[in-house]
Amino acid sequence: MNDILKEIKKLKEEKGAVILAHNYQRGEVQDIADFVGDSLELSRCAAKTNAKVIIFCGVHFMAEVAKILNPEKKVILPDLKAGCPLANMIKLEDLNKLKEENPRAKVICYINTSAEIKANSDICCTSSNALKVVERIDAEEIIFIPDMNLGSFVSKNTKKKMIIWQGFCPTHIWIKKEDILRLKEKYRDAIVMVHPECLPDVVEIADYVLSTGGMLKKAKELESKRFIIGTENGIIHRLKKENPSKEFYPVSNKIICPNMKRITLKKVLNSLKNLKPEINVEENIRIKAKVAIDKMLEVV
């Protein structure tokens, strides 16, 4: 393990690389990263980096966003099979049909989408700024793709008409209301924080509905010592690391995204050695997708 860590550090300096990791990555991958964050934070970091090479420890659409924002840099995803089932639930023909059926609506796409979908949307959003994006866009009708649970959460907090695609995160739908209530019975003083990709009945019983970045911030702010966490279990590593005096309980040990866990230290090392697999986006798609992403990044 120490040898791999040393070699990663050495190669990173030699290649002028930066390592970005999502909050759902394995703990050891988070620990070697230069920056760990949620989708919005990683997008902002990718937009600002001066590194020649970006090693993106996340899933495919995240690495695509980094490439869209940095066409002149090499963007490497250590495992090309690290995809996102939610992002694959909306195709361009599906979006075009929605647009034809709702000509007055503007399209807001969740960041969990392909570059092609972003290129055909008006603006992008993440779980941390979705409601702000909906409220600020100049339209009373919104086509929201592809996550129905995030869309449902936003629709309950806005007066705008929401046309919501019926996609979902296969990991977050395993978070069950009864499991949270069972933990709450055991830890009565615990604060319940869940991700807006969770099912509506889970969202209803939560104390806070937040992105992973929001959860990390809230855990530091609150005086509470116990937290029940309703999102992919990779976040627990960072929550414990940043709040050693507090306790964090995953809703279930099953809440694991297999795609996020495809990235290992060995794959990070190999990607630094070979600068592969490289992520590329067709220039005509990249230019259009960047418009939607740039608009998202303007929403503070």
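For the structure itself, look to the data block above.
The structure presented is a predicted model; accordingly, all values stated were derived computationally and were not measured.

A. Region of interest: the nonpolar core. By size, the foremost hydrophobic cluster in this structure holds 82 residues, and its most contacted members are Ile-19, Ile-55, Ile-108, Ile-145 and Val-268. Ranked by residue count, the leading element in this core is helix 4 (residues 60–69), at 7 residues. Not counting residues within four places of it along the chain, the set of residues in contact with Ile-108 comprises Ile-123, Cys-125, Val-133, Val-134, Ile-137, Ile-142, Ile-143, Phe-144 and Ile-145. Core analysis: the next-biggest nonpolar cluster, separate from the first, contains 15 residues, Ile-180, Leu-183, Ala-190 and Val-194 among them.

B. Here's a closer look at the environment of Lys-99. Residue position: Lys-99 is located in helix 5 (residues 92–101). In this structure, the C-alpha to C-alpha distance between Lys-99 and Ser-121, residues 22 residues apart in sequence, is 9.8 Å. Beyond its immediate chain neighbours, meaning those up to four positions away, Lys-99 contacts Val-107, Asn-120 and Ile-143. Here Asn-120 takes part through its backbone oxygen, which lies 2.9 Å from a polar atom of the side chain of Lys-99.

C. Representation of the packing of helix 4 against helix 14 (residues 283–298) in the model. Put simply, helix 4 and helix 14 touch, their axes get as near as 9 Å, and they point 100 degrees apart. With respect to each other, helix 4 and helix 14 are oriented roughly perpendicular. Contacts between helix 4 and helix 14 involve Val-65, Lys-67, Ile-68 and Leu-69 on the former and, on the latter, Arg-286, Ala-289, Lys-290, Ile-293, Asp-294 and Leu-297. In terms of residue class, the contact of helix 4 with helix 14 is made up of 6 nonpolar, no polar and 4 charged.

D. Spatial organisation of the pattern of salt bridges. Going through the model one piece at a time under the given rule, you end up with 20 salt bridges. The salt bridge involving Lys-10 is made with Glu-14; its shortest N-O contact spans 3.0 Å. Residue Lys-10 and its partner Glu-14 are located together in helix 1 (residues 2–15), separated by 4 residues, close to a single helical turn. Overall, the relative accessible area of 48% leaves Lys-10 in the partly exposed class.

E. Region of the structure containing helix 4. Of all 10 residues in helix 4, 9 are buried; the element is thus mostly enclosed. Within helix 4, the full set of buried residues consists of Phe-61, Met-62, Ala-63, Glu-64, Val-65, Ala-66, Lys-67, Ile-68 and Leu-69. If you follow the buried residues of helix 4, they end up packed against strand 1 (17–22), helix 3 (39–48), strand 3 (53–57), strand 4 (74–76), helix 6 (115–119) and helix 14.

F. Region of the structure containing the environment of Leu-5. Tracing the backbone through its elements, the reader meets Leu-5 in helix 1. The exposure class assigned to Leu-5 is partly exposed, which follows from its relative accessible area of 29%. Taking the C-alpha atoms as reference points, Leu-5 and Gly-37, separated by 32 residues in sequence, lie 21 Å from one another. Not counting chain neighbours up to four residues away, the residues in contact with Leu-5 comprise Ile-32 and Leu-265.

G. Focus on the packing of aromatic side chains. Counting across every chain of the model gives 2 aromatic pairs. Judged by centre distance (3.9 Å) and plane angle (10 degrees), the ring pair of Tyr-187 and Tyr-249 falls under stacked. Linking Tyr-187 in the loop between helix 9 (177–186) and strand 9 (191–194) with Tyr-249 in strand 12 (residues 247–250), this pair joins segments that are 62 residues apart in sequence. Residue classification places Tyr-187 among the buried residues on the basis of a relative accessible area of 15%. On the numbers, 5.3 Å between centres and 15 degrees between planes, the contact of Phe-227 with Phe-248 is stacked. Taken together, the residues Phe-227 in strand 11 (residues 226–230) and Phe-248 in strand 12 connect sequence positions 21 residues apart. Taking the relative accessible area as the measure of exposure, Phe-227 reaches 0% and is therefore buried.

H. Quick peek at the state of the cysteines. For the structure on display, the rule yields 0 disulfides. Its sulfur unpaired, Cys-169 is 6.6 Å from the next cysteine sulfur, which belongs to Cys-257. Given a relative accessible area of 14%, Cys-257 falls into the buried group.

I. Region of the structure containing the pairing of strand 9. Of the two faces of strand 9, the one holding Ile-191 and Met-193 and the one holding Val-192 and Val-194 are both buried throughout. As paired strands, strand 9 and strand 11 are joined by 4 bridges and run parallel to one another. Each bridged residue has a counterpart across the sheet, and for Val-192 the counterpart in strand 11 is Ile-228. As paired elements, strand 9 and strand 10 (residues 208–209) share 2 bridges and run parallel to each other. Across the sheet, the residue bridging to Met-193 is Tyr-208, located in strand 10. Taken together, strand 9, helix 10 (residues 200–205) and strand 10 constitute a β-α-β crossover, and its handedness is right-handed.

J. Structural context of the pairing of strand 3. A large share of strand 3 lies buried, amounting to 5 of its 5 residues. Of the two faces of strand 3, both are covered, the one formed by Val-53, Ile-55 and Cys-57 as well as the one formed by Ile-54 and Phe-56. Where strand 1 lies against strand 3, 5 bridges are found, and the strand directions are parallel. Each residue of the ladder has a partner; that of Ala-21, found in strand 3, is Cys-57. For strand 3 and strand 4, the ladder comprises 3 bridges, and the chain directions are parallel. Residue pairing for strand 4: Ile-54 is matched across the bridge by Val-75. Following the chain from strand 3 across helix 4 to the adjacent parallel strand 4, one finds a crossover that is right-handed.

Conventions adopted
- Each chain carries its own residue numbering, running from 1 in the written order of its sequence.
- Whole-chain, interface and lining totals are the exception, using all residues; otherwise, since this is a predicted model, local features are given only for residues with pLDDT of at least 70 and side-chain atom pairs are given and counted only at 80 or more.
- Water and hydrogen atoms were dropped before computing side-chain values, which therefore reflect all heavy atoms in the structure.
- By convention a nonpolar core is built from buried Ala, Val, Leu, Ile, Met, Phe, Trp, Tyr and Cys residues, the set being connected through side-chain atoms within 4.5 Å.
- Burial classes follow relative accessibility: with a 1.4 Å probe on protein chains only, a residue under 20% of its type's maximum area counts as buried, one over 50% as exposed, and anything between as partly exposed.
- Secondary structure counts use DSSP, requiring at least four H or I residues in a row for a helix and at least two E residues in a row for a strand, with both numbered from the N terminus.
- Contacts are assigned to residue pairs that have any heavy atoms within 4.5 Å of one another.
- Here a polar contact means two N or O atoms within 3.5 Å. Within protein one must be a hydrogen donor candidate and the other an acceptor candidate, and residues neighboring in sequence count only if both atoms are side-chain atoms.
- Every axis in this analysis is a line fitted to C-alpha atoms, fitted for helices over the stretch in contact. Angles between the N-to-C directions lie between 0 and 180 degrees.
- When describing relative orientation, an angle under 35 degrees is termed roughly parallel and one over 145 degrees roughly antiparallel, while 65 to 115 degrees is termed roughly perpendicular and anything else oblique.
- Residues are grouped as follows: Ala, Val, Leu, Ile, Met, Phe, Trp, Tyr, Cys and Pro are nonpolar; Asp, Glu, Lys and Arg are charged; all remaining types, including Gly, are polar.
- The rule for a salt bridge is simple: a side-chain nitrogen of Lys or Arg has to be within 4 Å of a carboxyl oxygen of Asp or Glu.
- Centres within 6.5 Å make a pair out of two Phe, Tyr or Trp rings, where for Trp the six-membered ring is used; the pair is then stacked when the planes are under 30 degrees apart, edge-to-face when over 60, and tilted otherwise.
- Two cysteine sulfur atoms make up a disulfide if the distance between them is within 2.5 Å.
- At least two DSSP bridges between two strands are required for those strands to pair.
- Handedness is read with the strands pointing away from the viewer; a crossover is right-handed when the path from the first strand over the helix to the second is clockwise.

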